Amino acid sequence: MPDHPRVIDLRSDTVTAPSAAMREAMAKADTGDDVYGEDPTIKALEARAAELTGKQAALFCPTGTQSNLIALLSHCQRGDEYLVGDQYHTYKFEGGGAAVLGSIQPQPIPLDKERRIPLDAIAARISDDDIHLAKTRLLALENTCGGYSLPLDYLALATGIAREHGLATHLDGARLFNAAIDLDVSAASIAENFDSVSVCLSKGLGAPVGSVLCGSPFLIKQALRWRKMTGGGMRQAGIIAAAGIYALDNNIERLAEDHKNAALLSELLQGIDNVEIDGPHSNMVHMKFDDTRTKHLIEYAGSQGLKLSGRYGIRIVTHLDVDADDIRQAARIIRTGLS
Ligand SMILES: *Cc1c(COP(=O)(O)O)cnc(C)c1O
């Protein structure tokens, strides 16, 4: 029997359960039919998200995959191309949606060690006006990426190059607030570099579902049409938007605790033979070693009440349902599992 009775789940920050206070806010939410634009709680969430990102408008979506997709569809036409990191979610982990559903071609660019698209690669990959080539229309970045936060000076330079060439800019800010806390800047100061920003409510912010796409009223009007077409027009969804408002009101500042817990874990995992610890990076720590040990460790940890995941090494993610004691217990299990 594991000596720690409760399951510690460090696979992702998506695993958080809505708290009692969040559920209470959901139960009390005013609702209306949002396809008619009549849900006051959704309107309030969109206003709040727009304010926090310094944009004029926002659109509530069920998932981050959908808010990214409709952003790409709003920025690009059929036959256009977007520049994207080859490890970014909008290229690799959204089922190829922009290409499949939008006939928009990705131009994936290898990331550097800091998970950035190298600045010289941005300019080099923008296509000339040539009938052989897809038209480069958009630069899509991601912050945080694998927990790494892209700093403001990089964002300004990268999006500056894009703008000089007439490209639009989109940020996959699934973990925008982790980046803001990690960099000690406002979310709006990150978002101001971009025409549109998507933010997940269901990651470290602890809501059960939801993402908001933020941008100009013009962009959001186009995105609204795409959201309906892709099946994201929801009715009395104020009941889930209330969880998002609760998350924005209560769970942003506390992300600092998740970052502290990631730092604690990284410290406790130092010095294991043949294991490279990469991090902490905001709320993540990456452990790198060969894949046979990965499989063994995941199995062993599972038997001890610790959930881990990864293929060639392990990505550990802290969140609001784990505390420092859980982290100490997790470190003990990992050390034993690797010994
Ligand atoms: C989780 C995530 C998304 C969106 O995911 P959904 O599960 O569709 O909400 C987008 N980008 C990044 C970087 C993510 O981590």
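This text follows the structure it describes.
Cut-offs applied
- Residues numbered from 1 in each chain as written.
- Predicted model: local features only at pLDDT ≥ 70, side-chain atom pairs only at ≥ 80, totals over all residues.
- Heavy atoms only, no water.
- Core = buried A, V, L, I, M, F, W, Y, C linked by side-chain atoms within 4.5 Å.
- Buried < 20%, exposed > 50% of the residue type's maximum accessible area, 1.4 Å probe, protein only.
- Contact = heavy atoms within 4.5 Å.
- Helix = DSSP H or I, 4+ residues; strand = E, 2+ residues; numbered from the N terminus.
- Right-handed = clockwise from strand over helix to strand, strands pointing away.
- Pairing = 2+ DSSP bridges.
- Phe/Tyr/Trp six-rings, centres within 6.5 Å; stacked < 30°, edge-to-face > 60°.
- Lys NZ or Arg CZ within 6 Å of the ring centre and 35° of its normal.
- Salt bridge = Lys/Arg side-chain N within 4 Å of Asp/Glu carboxyl O.
- Near = heavy atom within 4 Å.
- Polar contact = N/O pair within 3.5 Å; in protein donor to acceptor, adjacent residues only side chain to side chain.
- Areas by Shrake-Rupley, 256 points an atom, 1.4 Å probe, with all protein chains shown as cover.
- Nonpolar A, V, L, I, M, F, W, Y, C, P; charged D, E, K, R; others polar.

Undergrad: I'm lost on the nonpolar core in this one. Help?
TA: Phe 60, Ile 117, Ile 122, Leu 139 and Leu 141 are the most contacted members of the largest nonpolar core, which totals 65 residues. In this view, Leu 141 contacts Tyr 88, Ile 117, Tyr 154, Leu 155, Ala 158, His 170, Leu 171, Asp 172 and Phe 194; residues no more than four positions away in its chain are not counted. Counting residues in each nonpolar core, the second largest holds 25 residues, with Leu 297, Ile 316, Ala 330 and Leu 338 among its members.

Undergrad: Any chance you could explain the pairing of strand E6 (residues 168-173) here in plain terms?
TA: Every other side chain in a regular strand lies on the same face of the sheet, so the side chains alternate between the two faces. With 6 of 6 residues buried, E6 is to be regarded as a mostly interior element. Both faces of E6 are covered, namely the face carrying Ala 168, His 170 and Asp 172 and the face carrying Thr 169, Leu 171 and Gly 173. Viewed along the sheet, the connection from strand E5 (residues 135-142) through helix H7 (residues 152-164) into E6 turns out right-handed. Sheet analysis places E6 next to strand E7 (residues 196-200), joined by 4 bridges and oriented parallel. By the bridge assignment, His 170 is partnered in E7 with Ser 196.

Undergrad: How do you make sense of the packing of aromatic side chains when you look at a structure like this?
TA: Here a ring pair, both rings aromatic, is described through the centre-centre distance and the interplanar angle of the planes. Inspection of the entire model under this criterion finds 0 aromatic pairs. Directly above the ring of Phe 289 sits Arg 293, whose terminal nitrogen or CZ lies 5.7 Å from the centroid.

Undergrad: What's the story with the pattern of salt bridges in this structure? I'm lost.
TA: Pairing between side chains becomes possible if they bear opposite charge and their charged atoms approach one another. Tallied over the full model, the rule gives 14 salt bridges. Ionic pairing is found between Arg 11 and Asp 9, a salt bridge with its closest N-O pair at 2.6 Å. On the basis of relative accessible area, Arg 11 is assigned to the partly exposed category, the value being 31%. Between Lys 43 and Glu 46 there is a salt bridge; the shortest N-O distance is 3.8 Å. Remark: Glu 46 and Lys 43 occur in helix H2 (residues 40-53); sequence separation between them is 3 residues, near one turn of the helix. Accessibility expressed as a relative area gives 40% for Lys 43, which makes it partly exposed. Under the relative-accessibility criterion, Glu 46 is labelled buried at 8%. Beyond isolated ion pairs, a larger network of salt bridges with shared partners links Arg 48, Glu 51 and Asp 249.

Undergrad: Where do I start with the site of the ligand in this structure?
TA: By nearness alone, every residue bordering the ligand is listed as Thr 63, Gly 64, Thr 65, Asn 68, His 89, Glu 94, Glu 142, Asp 172, Ala 174, Arg 175, Cys 200 and Lys 203. Arg 175 places a side-chain nitrogen or oxygen 3.0 Å from an oxygen atom of the ligand. Interatomic distance of 2.7 Å between a side-chain N/O atom of Lys 203 and an oxygen atom of the ligand. Considered on its own, the ligand offers 380 Å² of accessible surface; in the complex 82% of this is hidden by protein. Here the shell around the ligand is built from residues that sort into 2 nonpolar, 5 polar and 5 charged.

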